[in-house]
Amino acid sequence: RAKQDGRGAYRLFEATMNDELRDRRLVANDLANAADAGQLDLAYQPQVDLITGDVTGFEALIRWRHPERGEVPPGIFIPIAEENGLILGIGEWVLRTACAEAAGWRVPLSISVNVSAAQIHNPAFARLIHEVLIETGLSPARLEIEVTETALVRDLVRAVTTLRQVRGLGVRVAIDDFGTGHSSLTHLSAFPFSRIKLDQSFVRTFDRNPQSAAIVHAVVELGRYLGTPVVAEGVERREELAFLRAEGCATAQGFLFGYPAPIGTFVGLQVRKAS
Ligand code: C2E
Ligand code: MG
Ligand code: MG
Ligand code: MG
């Protein structure tokens, strides 16, 4: 009996796994045409200066409207794109679209673009950024790329070279989801980061978990000593905001200030009228 149950469970597991594999293949197929089919878009989330309260810039977050599946979250399809070699094309679309849109804003705020490991490890990446900046007319000083530590560890030498080239263009580099993944303080000294994005998991739990509060405090302090400003991610509550302010965190992002949305939602930032 037990044996039979075990086998049944195994079969069920196998079936689920096959479904999931098939599903991932289907998603990958559709994803390959998503940009051409006009199904991709960028949502923008404001970043707010915690002293002045001003919006200093926006993070671009990719959105995929699938004709049958509806909105597929990037947390689902970005890893699939990374496995299937589609991320270079999608990443280029994101970079070009974000820079072109930001170049048209009335106010010259900064624009942060997420990039994946494969992009960082592509020797032509800095050249692509350079081309896109020239094409779109966006000032390099307005562009920031966001990389996670996980995206760097595949080939540290290559990654350092790419990030130095990117900084050489006058583009800033933020370390994303700091404190999660392959966190190592070595990365902070080995890579030319201009900002630290503190992962939302610490912000979210600061008042329930003393460890989280200690980590927020330590990272802000570390940023101060390194001369690398900290952006807190995922701020949802007033209490979190008050704590971050008291800690001296420079900038924050989160649902409390604004959900990721089409740029037209943010008053005063409408695209310049073509004259
Ligand atoms: P991320 O870069 O760390 O982006 C922050 C994520 O947290 C976004 O999810 C954002 O919508 C969400 N978020 C922002 N504020 C809050 C908050 O207050 N509370 C909560 N619960 N969540 C908040 P999203 O848009 O689903 O993106 C997920 C991840 O997908 C991103 O994490 C990033 O790693 C990746 N991603 C998104 N767009 C791109 C892209 O264009 N290229 C690449 N390579 N990755 C992307
Ligand atoms: Mg990010
Ligand atoms: Mg993040
Ligand atoms: Mg993330």
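Residues numbered from 1 in each chain as written. Chains lettered and ligands numbered in written order. Predicted model: local features only at pLDDT ≥ 70, side-chain atom pairs only at ≥ 80, totals over all residues. Heavy atoms only, no water.

1. Things to note about the confidence of the model for the chain
So, point 1. Summary statistics for the chain give a mean pLDDT of 92 and a share of 92% for residues scoring 70 or more.
So, point 2. Listed scores for the predicted complex are pTM 0.92 and ipTM 0.98. (pLDDT = per-residue confidence, 0-100.)

2. Brief notes about the pairing of strand β1 (residues 40-49)
So, point 1. By the criterion of burial, β1 is predominantly enclosed, with 8 of the 10 residues buried.
So, point 2. Of the strand pairs in this sheet, β1 and strand β2 (residues 55-66) are connected by 9 bridges, and their pairing is antiparallel. Counted as the bridge partner of P46 is F58 from β2.
So, point 3. For β1 and strand β9 (residues 251-253), the ladder comprises 3 bridges, and the chain directions are antiparallel. Its bridge partner being in β9, D49 is matched across the sheet by T251. (Buried < 20%, exposed > 50% of the residue type's maximum accessible area, 1.4 Å probe, protein only. Helix = DSSP H or I, 4+ residues; strand = E, 2+ residues; numbered from the N terminus. Pairing = 2+ DSSP bridges.)

3. Focus on the site of ligand 1
So, point 1. Taken together, 23 residues form the shell around ligand 1, and within it R63, N114, S116, E236 and F255 come nearest.
So, point 2. Between ligand 1 and I62 there is a distance of 3.1 Å, counted from a nitrogen atom to a backbone nitrogen or oxygen.
So, point 3. With the chains in place, 81% of the 800 Å² that ligand 1 exposes on its own is no longer accessible.
So, point 4. Because more than half of its atoms lie within 2 Å of the grid, ligand 1 is assigned to the largest pocket.
So, point 5. Per-element tally for the shell around ligand 1: the top contributor is β2, with 4 residues. (Near = heavy atom within 4 Å. Polar contact = N/O pair within 3.5 Å; in protein donor to acceptor, adjacent residues only side chain to side chain. Areas by Shrake-Rupley, 256 points an atom, 1.4 Å probe, with all protein chains shown as cover. 1 Å grid on protein atoms, 1.4 Å probe; cavity = no way out; pocket = protein on both sides within 12 Å on 5 of 7 lines; lining within 4 Å. Sits in = over half its atoms within 2 Å of the grid points.)

4. Here we look at the coordination of the magnesium ion (ligand 3)
So, point 1. D176 (OD), D177 (OD), E233 (OE) and E233 (OE) make up the full set of protein donors to the magnesium ion (ligand 3), lying at 2.0 to 2.5 Å.
So, point 2. One chain supplies every donor for the magnesium ion (ligand 3), spaced along it as D-D-x55-E.
So, point 3. Here the magnesium ion (ligand 2) and the magnesium ion (ligand 3) are spaced 3.9 Å from one another, each receiving a donor from D176. One end of the pair, D176, is in strand β6 (residues 172-178); the other, E233, is in the loop between β8 (230-232) and α10 (238-247), with 57 residues separating them in the sequence. In terms of burial, D176 and E233 fall into one category: buried. (Donors = N, O, S within 2.8 Å, 3.2 Å for Na, K, Ca; no water.)

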